[in-house]
Each structure stands twice: as structure tokens, then as C-alpha cells.
Amino acid sequence: MKRNYYLFSSGRLSRKDFSLMFENETERKYIPVEDVDSIFAFGEIDANSKIFNFLAEKNIVMHYFNYYGFYTGTFYPREFLNSGKLLVKQVDHYQNLKKRIVIAKEIIETSAANILKNLAYYKNRGKELEEIILKIEELKSTIYAASEIAELMGIEGNIRNTYYKAFEIILNQDIEFEKRTKRPPENMLNALISFGNSICYSTVLSEIYRTQLNPLISFLHEPGDRRFSLSLDIAEIFKPLLIDRIIFKLINNRMISEKDFDEQLNYCYMNDKARKIFMREYDEKLQTVIKHRKLDKNVSYRRLIRLECYKLIK
């Protein structure tokens, strides 16, 4: 099975025969391209057109993150599974509100169900979450009565804001989390959520690339310039399963703490140590195998993302 490859240091990426080589002043690594699904680059990477041609030839997606760990862009090779018929249908389902809203509702419904699973898990372990669970269940019950995308986005936002109130109850460390802040994240928890969400978004984009779906045409989020909005849609489903569970584990097991974050004026970001710990847990989570109830077979979380794409195609 192909895996993600993570480059945390700055250096030069070059082609070496039929493999990639990453090197800097302190290390030299050979990357076997046949085993690589996607590359996540967190350092400053020096590369040339020869490398990108090679990545495109091998259908390898490369995601870039800046000094602060924020997603900046993706090298998205020429699509190799094009389907004009599917593209026409995808556009039709976006333009037709009746069709679009059915898909958008399913996305929010599934996301809310996964949020409730997280809360139920911690409620069963003695956390006082009954009130928050009831509120989210109430909000979830209004999804199918919505008739506009903006109305659905409002429900989704209310579910998330209610869910975030549970974080201080779930987490064992004394961490303030008054509200969700993104640009920039103002504290440790916001920094973790922002970083994790961008990683989830990138992983979903890699999986979309390996299907016939067009990543620019979405149903819940509005398509726009300079973003792969379908990734935002599908990531909504998997953020509770992947990112939130990792955050709870890292903090409750004291694998990271506030000393692993650098704070500037109204700004907080993860240091290299915290990013490496997070990505180690994330990679392990993607490879974790669970029993798929409908298929009656074991699948990894990474495979679940691809299956969600296939479900959308169907």
C-alpha cells in the first residue's frame, strides 16, 4: 500500500535514477517513488521542472506548508482518470439546487454523526457532555428541513460551535478555548485544529486525485478561485474521525503541551517537534484498519476517504 512521505527539513529534492533524493547539509534520503502516494513538504524545498515532471509521471501529489505549518498549495499533476461524462454530471448536480442540496445535507448529516460518536465516547468515560449532545442532536434534526445552502452552512456552523464547547470538558489539560480563531490561530488549541484541518484537506485532495471527480466543483462549500472546494466538502466528514481524535489523544496523554507552541502577538503556531508528533499519529491513524459494516471487510481510514469519493460518484 502506498503511503504519505513527510519532509520536515529544508533541502533539495532531486531525481536519482528512478527514485527521488532529498538532501541538505545534515542528511540524505532516498524516496522510493513506487511506494509514495503524496509528499507533504513543511520545510523550504528546492526543486526544478525535472522533479515536477517526474512527480507527474508517477502521479504523485505534493502539498506545501509554510514556516508556520499552514497549507499554502499543492502540486496537482495532470489528471490521469478524466471522465467527461462525470464532469458534466458533477456540474449538473452543482447547478441544480434540488440535486445539490441532497448531497450537501448528506455531508453535514455524516459529519454531525461522527461528532456525536466522539462525544458519546467521552460521555461513556465520565465527561459531562449530555447538554452538548442534546443540543447537537437538536441541530442535526433541522438539517433535512433546510431549503437553501446558506441555511445548511448556518446549521453546520452552529453544530461546530456547540461541539467546540465540549473541547474544554474533554481535554485534561487546563487550556483556554473561548472561540475558534483561524487567521491567525490565537492559542494552542486553535493552532492544532488549523494545522490538523489543513492536513485532512490535503489528504482528501490526494484521494480525489485518484478518482474521476473534479476537485473544483463542490456542493456544500461554494466553488471559488484558488481552492479545491470539493476537498473542503469531504474533509467535513473526516475531521471528527481523524483530526479531533488525534488532538484529544495528544493533549490528554500529554504527548504535547503549550511548551511545544511558539506564541507571538495574537498568534500561535506549532514548533517542529509538535508537527512531527502530530504527523506520526496522523499517519498511524490513516493506516488503522476498521471493519466496514456495509462491505463486511476491513478497510483503512485512508481507504474510507476513497470510498466516500466513490460513493459520491455513484
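Above this text sits the structure in question.
A quick note: this is a predicted structure, and the numbers were derived from the prediction, not measured.

(A) Molecular detail of the overall build of the chain. The helix and strand tally for the chain stands at ten helices and twelve strands. Over its C-alpha atoms the chain spans a radius of gyration of 20 Å, differing by no more than 12% from the 20 Å that the globule rule assigns to 314 residues. Judged by the C-alpha coordinates and their principal axes, the chain covers about 60 × 50 × 40 Å. Here the chain holds 314 residues, and the buried ones make up 53% of them. In the chain, once contacts between residues fewer than 6 apart in sequence are set aside, the share between residues at least 24 apart is 64%. Accessible surface for the chain amounts to roughly 16,000 Å². Of this, 48% is attributable to carbon and sulfur atoms.

(B) Representation of the sheet that holds strand β4 (residues 28–31) in the model. Strand order in the open sheet formed by four strands is β4-β3-β2-β6, and the pairing between neighbours is mixed. The open sheet has two edge strands with one neighbour each: β4 and β6 (45–46). The pairing of strand β2 (residues 11–16) with strand β3 (residues 19–23) spans five bridges and is antiparallel. Each residue of the ladder has a partner; that of Arg-15, found in β3, is Leu-20. In the packing of helix α1 (residues 49–57) onto the sheet, contacts are made with β2 and β3, and the angle to β2 comes to roughly 60°.

(C) Summary view of the nonpolar core. Leu-119, Leu-152, Leu-192, Phe-238, Leu-242, Phe-278 and Tyr-282 are the most contacted members of the largest nonpolar core, which totals 80 residues. Among residues more than four places away in sequence, those in contact with Leu-242 are Cys-200, Tyr-282, Lys-285, Leu-286, Tyr-301 and Ile-305. By size, the runner-up hydrophobic cluster in this structure holds 15 residues, among which are Leu-20, Val-33, Leu-55 and Met-62.

(D) Here's a closer look at the sheet that holds strand β5 (residues 36–41). Here four strands make up an open sheet; going across it, the order is β1-β5-β7-β8 and the pairing mixed. Only two strands of the sheet have a single partner each, and these edge strands are β1 (3–7) and β8 (71–75). With strand direction ignored, the average angle separating the axes of adjacent strands in the sheet is 20°. Set on the sheet, helix α7 (residues 188–209) makes contact with β5, β7 (61–65) and β8; between it and β7 the angle comes to about 165°.

Calculation criteria
- Counting starts from 1 at the beginning of each chain's written sequence and moves along it residue by residue.
- Two thresholds apply to this predicted model, a pLDDT of at least 70 for residue-level local features and 80 or more for giving and counting side-chain atom pairs, whereas whole-chain, interface and lining totals are computed over all residues.
- Side-chain metrics rest on all non-hydrogen atoms present in the structure, leaving aside hydrogens and water.
- Counting from the N terminus, the helices are the DSSP runs of H or I reaching at least four residues and the strands are the DSSP runs of E reaching at least two.
- Every radius of gyration here is taken over C-alpha atoms, with the globule rule written as 2.2 Å times N^0.38, N being the number of residues.
- A simple rule labels every residue: compare its accessible area, found with a 1.4 Å probe on the protein chains alone, to the largest value its type can have, and call it buried under 20%, exposed over 50%, or partly exposed in between.
- Contacts are assigned to residue pairs that have any heavy atoms within 4.5 Å of one another.
- The method behind every accessible area is Shrake-Rupley, applied with a 1.4 Å probe, and residues are considered shielded solely by the protein chains displayed.
- Each pair of strands is called paired provided DSSP finds at least two bridges between the two strands.
- Here the axes come from fitting lines to C-alpha atoms, over the contacting stretch only for helices, and the angles between their N-to-C directions go from 0 to 180 degrees.
- To define a nonpolar core, start from buried Ala, Val, Leu, Ile, Met, Phe, Trp, Tyr and Cys residues and group those joined through side-chain atoms within 4.5 Å.

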